[in-house]
Amino acid sequence: MDLEGSASVVNEASPDIESSQIQIEDEVVDELSETLEQRRMQELFQELKEQIKQDETLQEFKDQLLIDITDEGLRIQIVDRSGRPMFDSGRAELKYYSQDILFELAKTLGSVNNKLSITGHTDSTPFSGRPGYTNWELSADRANTARRALVAGGVRQQQIARVVGLSDSVLFDKEDPNAPVNRRISIIVLNKKTVDNIQSTAGQSDEPLIDLTQPTEAEREAARERLESGEWLQEKEEPAPGELNW
């Protein structure tokens, strides 16, 4: 307070003003960072398109390489074509030319600092190769096979953020669920926002966890009764041939 009645100058900003200024500065930094990342994605998009034009291996299979930019980042889809599948039917081993494609892509993908997501997709034809093994297992195994090939080709282990199998839950051609194009491997060069979301959802939560592995009181009582009766000592019947025994 100025007792002489003259206007006084406050040199120190109030805490509220300081915090709002910091918040605005943070928002500006985030916007600039996102803009720069989008620009880098566009540059990588052009670089991959040029690589496909110049590289003999990729040029041969250019009709099986689909590249676009999604909310998660830059996506490369390697799809099956009639007579030219990535994998043998019902198997997770790469065809020799599919391995070559992944090796060539790994040269460029291994040069960026972004994390990668690898997803396996199948068509809607039910898998009947062996009991208990479905398109879910097959798509996951194929995604992991693609991961190994990318790492062998130059992608760093620490670049891998996510490897998943989605079976036929996300069809490329919804009108023809059994079309070859539905059988594909999707590789996404992830943007920072998506990586942060993956890490935050996978990390430890502050919310208390419910341990679903803990038996209920009724289950405890039933176990005690079995223990006292000696039922647990009785031999179980062997499963029939081909029958799953989880």
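Residues numbered from 1 in each chain as written. Predicted model: local features only at pLDDT ≥ 70, side-chain atom pairs only at ≥ 80, totals over all residues. Heavy atoms only, no water.

- As recorded in an unreviewed UniProt entry, the protein goes by the name OmpA/MotB domain protein, listed as coming from Marinobacter adhaerens.

1. Some thoughts on the overall build of the protein
Line of reasoning, step 1. From N to C terminus, the protein includes six helices and five strands.
Line of reasoning, step 2. Helices and strands appear in the protein in the N-to-C order α-α-β-β-α-β-α-β-β-α-α.
Line of reasoning, step 3. Per-residue burial over the protein gives 30% buried out of 246 residues. (Helix = DSSP H or I, 4+ residues; strand = E, 2+ residues; numbered from the N terminus. Buried < 20%, exposed > 50% of the residue type's maximum accessible area, 1.4 Å probe, protein only.)

2. As for the sheet that holds strand β3 (residues 116–121)
Line of reasoning, step 1. Sheet architecture is open: five strands sit in the order β1-β2-β5-β3-β4, paired in mixed fashion. What marks the edges here is a single partner per strand, and that holds for β1 (65–69) and β4 (160–165). Along the sheet, successive strands turn relative to each other by an average axial angle of 15 degrees, direction set aside.
Line of reasoning, step 2. Examined bridge by bridge, strand β2 (residues 73–79) and strand β5 (residues 184–190) share seven bridges and lie antiparallel to one another. Looking at β5, one finds that V79 is bridged to R184.
Line of reasoning, step 3. Against the sheet, helix α3 (residues 96–109) makes contact with β1, β2, β3 and β5, and its axis sits at roughly 170 degrees relative to β2, the strand it touches most. (Pairing = 2+ DSSP bridges. Axes fitted to C-alpha atoms, helices over the stretch in contact; angles between N-to-C directions. Contact = heavy atoms within 4.5 Å.)

3. Examining the packing of aromatic side chains
Line of reasoning, step 1. One pass over the structure, following the stated rule, counts three aromatic pairs.
Line of reasoning, step 2. Residues F61 and Y97 carry aromatic rings whose centres are separated by 5.3 Å and whose planes lie at 20 degrees to one another, so their mutual orientation is stacked. With F61 in the loop between α2 (56–60) and β1 and Y97 in helix α3, the pair connects residues that are 36 residues apart, well separated along the chain.
Line of reasoning, step 3. We classify F61 as buried; its relative accessible area is 5%.
Line of reasoning, step 4. A relative accessible area of 12% means that Y97 is categorised as buried.
Line of reasoning, step 5. Their ring planes at 75 degrees and their centres at 5.2 Å tell us that Y96 and Y97 sit as a pair that is edge-to-face. (Phe/Tyr/Trp six-rings, centres within 6.5 Å; stacked < 30°, edge-to-face > 60°.)

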